[in-house]
Amino acid sequence: MTVYVFGIDGASPKLIEEYIEEGVLPNFEKLRQESAYGDLETVFPPITPCAWTSFLTGKQPGKHGIYDFSVRKNQEDFDIVTSADVGSDTIYDLMNRHNKKVGSLGIPLTYPPKEVDGYMVSGLPIDKIDEDKVYPSKLWSDIQEMGGLSIHASTFTGDNEEEYIQSHHDQIDQMEKVYFNLMDRYDLDLNLVLFPNTDTMAHWMWKYIDEDHPDHPEGNRYSDCLKQVYIRMDEILGRLREKIGEDDYLIAMSDHGFGPVHKNIYLNNLFREEGLLKFKNKPMTLMRRGLLDTGITPDRGYRLVSKLGLEEYVVQSEQKEDGGFISKIASLPVLSEEDIDWENTEAFVRGNFGQIYLNSDLQGEEREKVIEKVEDVLYSFRDPETGEKIIENIQRKEERYHGQEIDKAPDLLFFTKDLKYMSWRHFEFGSSKKIKSSPSRTGHHKMDGIFHITGPGISKSKELEGLKIIDVAPTILNLLDLPVPRDIDGEPITSAFSGERKVEYEEKELEGIDF
């Protein structure tokens, strides 16, 4: 018996429902009829490494320590996260502990890859796949013989729609070939795969498919571009269901949903205006501030680079260890975190979903006063065009998270109205404005993804409620008749079964597990 997890990154329940009604997703329609299913609530922030790590661990971020693509190392330094930063056992560790065989293809935050009885091909945020990104390392030569595998589609520049869309289909074809080839080669207890394209394309192409988006180009030729990707997922789902056995289980899921982004907000500019963020008083910083104030910003620079056709050179340059020559030249006039006076800064924003960090030296009453000021500033922030409040809710990290990794969490989190305002590119002060229409990404993550489960004893055509992404790992363990560690936050989804389903929990602390 094998448990198959078919991951469709960012798959939207709303879009799948719409496309099923149009009759273009016959395999998803059949899956719904033959599965227990429901919306799957993700964790906050609903961003790839945070969500998939919660899937892999069955725990909220306070226990695994991943809150974004980067992690705060000290007062002013952030590093890109890797699997080494995960502060908890994952499903891979548990499979190893119980001598189970596992295959993993493209799951985020699996670099460096773990040694497993099976295989592992790392996923985001790596820039490319090679022998260092796979286990066993010899697997890379096998993948090359299959035709290779890219982790990214091409770069979207704003006017290369056809090339960009085709690159996604090419990547899907590669992933499909490798996936089914590996399936034939390995006899596994757990088979995990993630197709990223329903997410990555939606970021840049949402305005083309959404007639209600303020930047929707009327009469554009790409209004079905994302639908075609969902159709490819439907085809692969159908092929997968033909291959799996009657005793196998299938979980089809996404780590979050997707929807429109109408405007970007640049809150460090707001914090600077309100005296919460300070800059160094050095000549280069003063020059960069002057350029920013006059409108010479990274946003404009990137648009110029795209028009000149140099975007691929910049991307390739950025992937070099030293950042590359073009990157160094381009960064000279750009105001960045290196220009912040950290000693006198009280609060700053970093990340895509409202992560606010306070000066780590703030304590007691002084810290409370800064928090109150941040709250006042954010709750007073309004969209100048509509007059609506942008920030709907602010939480302290202790209100949302718990666990041994909470010290890595941002101090405050905020939620924008309908998540249609996106906190954006603070690490380089991308704009001199506090709010403006999104120049590039017009779609972003929402809190609810999809979940379907089929297999022996699973109810058919049963809609489930209250599902959470942290419930999936303990569900997998239960399907494999393995005990669920007691420090896991999620619960096995026993409501999916047509009859009673027993759950075994570990009765004692195991080495390496922090209860």
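Use the structure listed above.
Residues numbered from 1 in each chain as written. Predicted model: local features only at pLDDT ≥ 70, side-chain atom pairs only at ≥ 80, totals over all residues. Heavy atoms only, no water.

Novice: Go over the overall build of the protein chain with me, naming the residues and quoting the values.
Specialist: Looking only at helices and strands, the protein chain features 17 helices and 21 strands. Against the compact-globule benchmark of 24 Å for 515 residues, the protein chain has a radius of gyration of 23 Å, which places it among compact chains. A principal-axis box enclosing the C-alpha atoms of the protein chain has dimensions of 70 × 55 × 45 Å. In the protein chain, buried positions account for 57% of the 515 residues. A separation threshold of at least 6 residues defines the contact pool for the protein chain, and within that pool the share at least 24 residues apart is 71%. A total of about 22,200 Å² of accessible surface is found on the protein chain, and carbon and sulfur atoms cover 44% of it. (Helix = DSSP H or I, 4+ residues; strand = E, 2+ residues; numbered from the N terminus. Rg over C-alpha atoms; globule rule 2.2 N^0.38 Å. Buried < 20%, exposed > 50% of the residue type's maximum accessible area, 1.4 Å probe, protein only. Contact = heavy atoms within 4.5 Å. Areas by Shrake-Rupley, 256 points an atom, 1.4 Å probe, with all protein chains shown as cover.)

Novice: Break down helix H3 (residues 48-57) for me, with residues and values.
Specialist: Burial analysis of H3 places ten of its ten residues in the buried class, which makes it a mostly covered element. Regarding H3, the residues found buried are Thr48, Pro49, Cys50, Ala51, Trp52, Thr53, Ser54, Phe55, Leu56 and Thr57. Just beyond H3, the residue with positive phi is Gly58, at close to 75°.

Novice: Got a sec to walk through the sheet that holds strand E11 (residues 263-265)? Specific residues and values, please.
Specialist: The strand order across the open sheet built from three strands is E16-E11-E17, with neighbouring strands paired in mixed fashion. Edge strands, defined here as strands with exactly one partner in the open sheet, are strand E16 (421-423) and strand E17 (435-437). Between one strand axis and the next, the sheet turns through 30° on average, direction left out of account. Inspection of the sheet shows E11 paired to E16 by three bridges, in the parallel sense. The residue bridging Asn264 from the neighbouring strand is Met422, located in E16. (Pairing = 2+ DSSP bridges. Axes fitted to C-alpha atoms, helices over the stretch in contact; angles between N-to-C directions.)

Novice: If you had to explain the packing of aromatic side chains to someone new, which residues and values would you point to?
Specialist: Counted according to the given criterion, the structure contains 17 aromatic pairs. On the numbers, 5.2 Å between centres and 85° between planes, the contact of Trp52 with Phe55 is edge-to-face. Here Phe55 and Trp52 lie together in helix H3, a separation of three residues that amounts to about one turn. Judged by its relative accessible area of 2%, Phe55 falls in the buried class. Of the aromatic side chains, those joined through ring pairs into one cluster are Phe6, Tyr179, Phe180 and Phe195. Taking NZ or CZ as reference, Arg32 lies 5.3 Å from the ring centre of Tyr37, over its face. Here Lys133 stacks its cationic end above the ring of Tyr111, 5.3 Å away from the centre of that ring. (Phe/Tyr/Trp six-rings, centres within 6.5 Å; stacked < 30°, edge-to-face > 60°. Lys NZ or Arg CZ within 6 Å of the ring centre and 35° of its normal.)

Novice: Could you give me a rundown of the pairing of strand E9 (residues 249-253), with the residues and numbers involved?
Specialist: With five of five residues buried, E9 lies mostly within the body of the structure. As paired elements, strand E1 (residues 3-8) and E9 share five bridges and run parallel to each other. Bridge pairing in E9 links Val5 to Ile251. Here E9 pairs with strand E19 (residues 448-454) via four bridges, running antiparallel. Within E19, the residue paired with Ile251 across the bridge is Ile453.

Novice: Quick one: what's the story with a negative patch on the surface, residue by residue and with numbers?
Specialist: A surface patch of negative charge is lined by Asp39, Glu41, Asp448, Glu463 and Glu465. With relative accessibility at 58%, the residue Glu463 sits in the exposed group. (Patch = residues over 30% accessible without salt bridge, like charges linked within 9 Å, V, L, I, M, F, W, Y side chains within 5 Å. Salt bridge = Lys/Arg side-chain N within 4 Å of Asp/Glu carboxyl O. Lys, Arg positive; Asp, Glu negative; His and termini not counted. Charge placed at Lys NZ, Arg CZ, Asp CG, Glu CD.)

Novice: Let's hear about the pattern of salt bridges: which residues, and what values?
Specialist: Summed over all chains, the structure comprises 29 salt bridges. Where Asp339 meets Arg288, a salt bridge forms, and the shortest distance between an N and an O atom there is 2.8 Å. Of this pair, Asp339 sits in the loop between helix H14 (325-331) and strand E12 (347-349) while Arg288 sits in helix H11 (residues 283-293), placing them 51 residues apart in sequence. In this structure, Asp339 and Arg288 share a single accessibility class: buried. Notably, a salt bridge pairs Arg350 with Glu337, separated by 2.7 Å at the nearest N-O pair. Note that Arg350 is positioned in the loop between E12 and strand E13 (355-358) and Glu337 in the loop between H14 and E12, a separation of 13 residues in sequence. By relative accessible area, which is 13% here, Glu337 ends up buried. Here the residues in one salt-bridge network are Asp173, Glu176, Arg232, Glu235 and Arg239, joined through shared partners.

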